[in-house]
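Descriptive analysis of the structure
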Amino acid sequence: MKIAIVEDDINMRKSLELAMGDYKEFEIKTFKHAKDALKGLDDSFDLVITDINMPGMDGIELVKEINGRYEVIIMTGNATLSKAIDSIHLGVKDFLLKPFDVDTLIGAIQRESKVQQVQKALKKIKKSTHGFLGKSDALTKVLRIADKACKTDASILLLGQSGVGKEVFASYIHKNSPRAKKPFIAINMAAIPDNLIESELFGFEKGAFTDASEAKAGQFELANGGTLFLDEIAEMPFGVQAKLLRALQEKEVRRLGASKSIKIDIRVVSATNANLDEKIKNGEFREDLYYRLNTIPLHIPPLCERKDEILQIAEATCKSNCEKYGFELKSFSNEAKSELLDYNWPGNIRELISVVERSVILSETQEIQKDELFLNVRK
């Protein structure tokens, strides 16, 4: 772990350098001023330890300049509540009051080191699984179809139960398409009041309605050049469906209150857990829109058909939550693993993530036990 120490007091700087030299896992570089540190910091550093009160540029200003590129521990002998609050708002990981013993500082560094190890492990997992927390034969089959679809502009309809990861698939399709460097905008139809969906999608001009004090671009315009993900598409009001169909066919939208249309170039991915055939029969969903959205259907299997992923997702989520809450790394007992595999997961991945987070928080030891999953209650 490479650490930068920023301290204007030469005695303190030398003392820290000497004391931390006994720890071979740390590579230390010291700076006497914040401006010197800004010049010397590069991508090889993992952590910055800085004093607050320094001439020229103080520690808080340094943290602002760093802007999240490195994790930071602050040390000071003249702390004020406002400075402490400022540092917390800026994402500082620890705040040490001078004088402190070296063991206190080493403990803070080691905690941060473990957090970074977890972060690196999670990045490796995500990289190896293309953003998915787990991998199974059933998932691989769907990904093969998605990989072919990615390279085209064909509309894709994601079908599957709630919680199977439809938005993850939509994001995957966008990131692996020629539009990857353009916007990816996700909209949940069920989360927007019916009377606002049209203005949210297509935008409006100033004065188009009572509260329209200024013009606003719709999500179609904001997604121009990229991908628009319409989640819970079955919840779209019937009256808006005709306007969506026209926008997709004509490749243009017209803001509410506007006299001219705006050309758009987007790729639409939509998703639903509803039975659209039934919706069409009941007159709740337009058949012509269904065919326009359903050029390539992707059926995402439920988690109970992707058993190979359960422990992969559970372990990745466990690591992530240990990092999130500052816990020591935890693991699952063999009995807990069996319980996870035996459960049917009606809420799919979303339910699994929730169960694991709760067990990480409530478990009494580093090994999560079967009873701490509380799956017997769900059964």
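This text follows the structure it describes.
Residues numbered from 1 in each chain as written. Predicted model: local features only at pLDDT ≥ 70, side-chain atom pairs only at ≥ 80, totals over all residues. Heavy atoms only, no water.

1. Considerations on the overall build of the chain
Counting its secondary structure elements, the chain contains 16 helices and 16 strands. Over its C-alpha trace the chain gives a radius of gyration of 26 Å, far above what one expects of a compact globule, namely 21 Å for 379 residues. With respect to the three principal axes, the spread of C-alpha positions in the chain is 80 × 55 × 35 Å. Taking all 379 residues of the chain together, the buried fraction comes to 45%. Taking all contacts inside the chain whose residues are at least 6 apart in sequence as the whole, residues at least 24 apart take part in 71%. Carbon and sulfur atoms make up 49% of the accessible area of the chain, which totals about 19600 Å². A gap of 6 Å separates the mean positions of the 55 positive and 58 negative side-chain charges of the chain. (Helix = DSSP H or I, 4+ residues; strand = E, 2+ residues; numbered from the N terminus. Rg over C-alpha atoms; globule rule 2.2 N^0.38 Å. Buried < 20%, exposed > 50% of the residue type's maximum accessible area, 1.4 Å probe, protein only. Contact = heavy atoms within 4.5 Å. Areas by Shrake-Rupley, 256 points an atom, 1.4 Å probe, with all protein chains shown as cover. Lys, Arg positive; Asp, Glu negative; His and termini not counted. Charge placed at Lys NZ, Arg CZ, Asp CG, Glu CD.)

2. What about unusual backbone geometry?
Phi is positive for Trp345, close to 55°, though the residue is something other than glycine. A positive phi is found at Phe374, a non-glycine position, where the angle reads about 60°. Tracing the backbone shows Phe374 in the loop between strand 16 (367–368) and helix 16 (375–378).

3. Some words on the pattern of salt bridges
Within this structure, the stated rule accounts for 14 salt bridges. Of the charged contacts, one joins Glu221 and Arg255 as a salt bridge, the two residues approaching to 2.8 Å between their closest N and O atoms. Taken together, the residues Glu221 in helix 9 (residues 219–222) and Arg255 in the loop between strand 11 (252–253) and strand 12 (262–263) connect sequence positions 34 residues apart. Like Arg255, Glu221 is buried. Between Glu309 and Arg306 there is a salt bridge, with its nearest N and O atoms 2.7 Å apart. By relative accessible area, Arg306 is classed as buried at 2%. Here the salt bridges share partners, and the residues they tie into one network are Glu7, Asp51 and Lys98. (Salt bridge = Lys/Arg side-chain N within 4 Å of Asp/Glu carboxyl O.)

4. Describing the layout of surface pockets
Empty space within the second largest pocket amounts to approximately 300 Å³. The set of elements that each furnish at least two residues to the lining of the second largest pocket consists of helix 5 (102–128) and helix 13 (307–325). At six residues, helix 5 tops the list of elements feeding residues into the lining of the second largest pocket. Looking at the lining of the second largest pocket, its residues break down into seven nonpolar, one polar and seven charged. (1 Å grid on protein atoms, 1.4 Å probe; cavity = no way out; pocket = protein on both sides within 12 Å on 5 of 7 lines; lining within 4 Å. Points joined across faces, edges and corners; volume = space filled by probe spheres on them. Nonpolar A, V, L, I, M, F, W, Y, C, P; charged D, E, K, R; others polar.)

5. A few points about the sheet that holds strand 13 (residues 267–272)
Sheet architecture is open: five strands sit in the order 7-10-13-6-14, paired in parallel fashion. At either margin of the open sheet sits one strand with a lone partner, and together these are strand 7 (184–188) and strand 14 (296–299). Here the average twist between neighbouring strands, direction ignored, is 20°. Of the pairings in the sheet, the one linking strand 6 (residues 156–159) to strand 14 comprises four bridges and is parallel in character. Across the sheet, residue Leu158 finds its bridge partner in strand 14, namely Leu298. Contacting strand 6, strand 13 and strand 14, helix 6 (residues 137–150) crosses the sheet at an angle of about 155° to strand 14. Where helix 7 (residues 166–175) meets the sheet, its contacts fall on strand 6, strand 7, strand 10 (227–231), strand 13 and strand 14, and the angle it forms with strand 6 comes to roughly 155°. (Pairing = 2+ DSSP bridges. Axes fitted to C-alpha atoms, helices over the stretch in contact; angles between N-to-C directions.)

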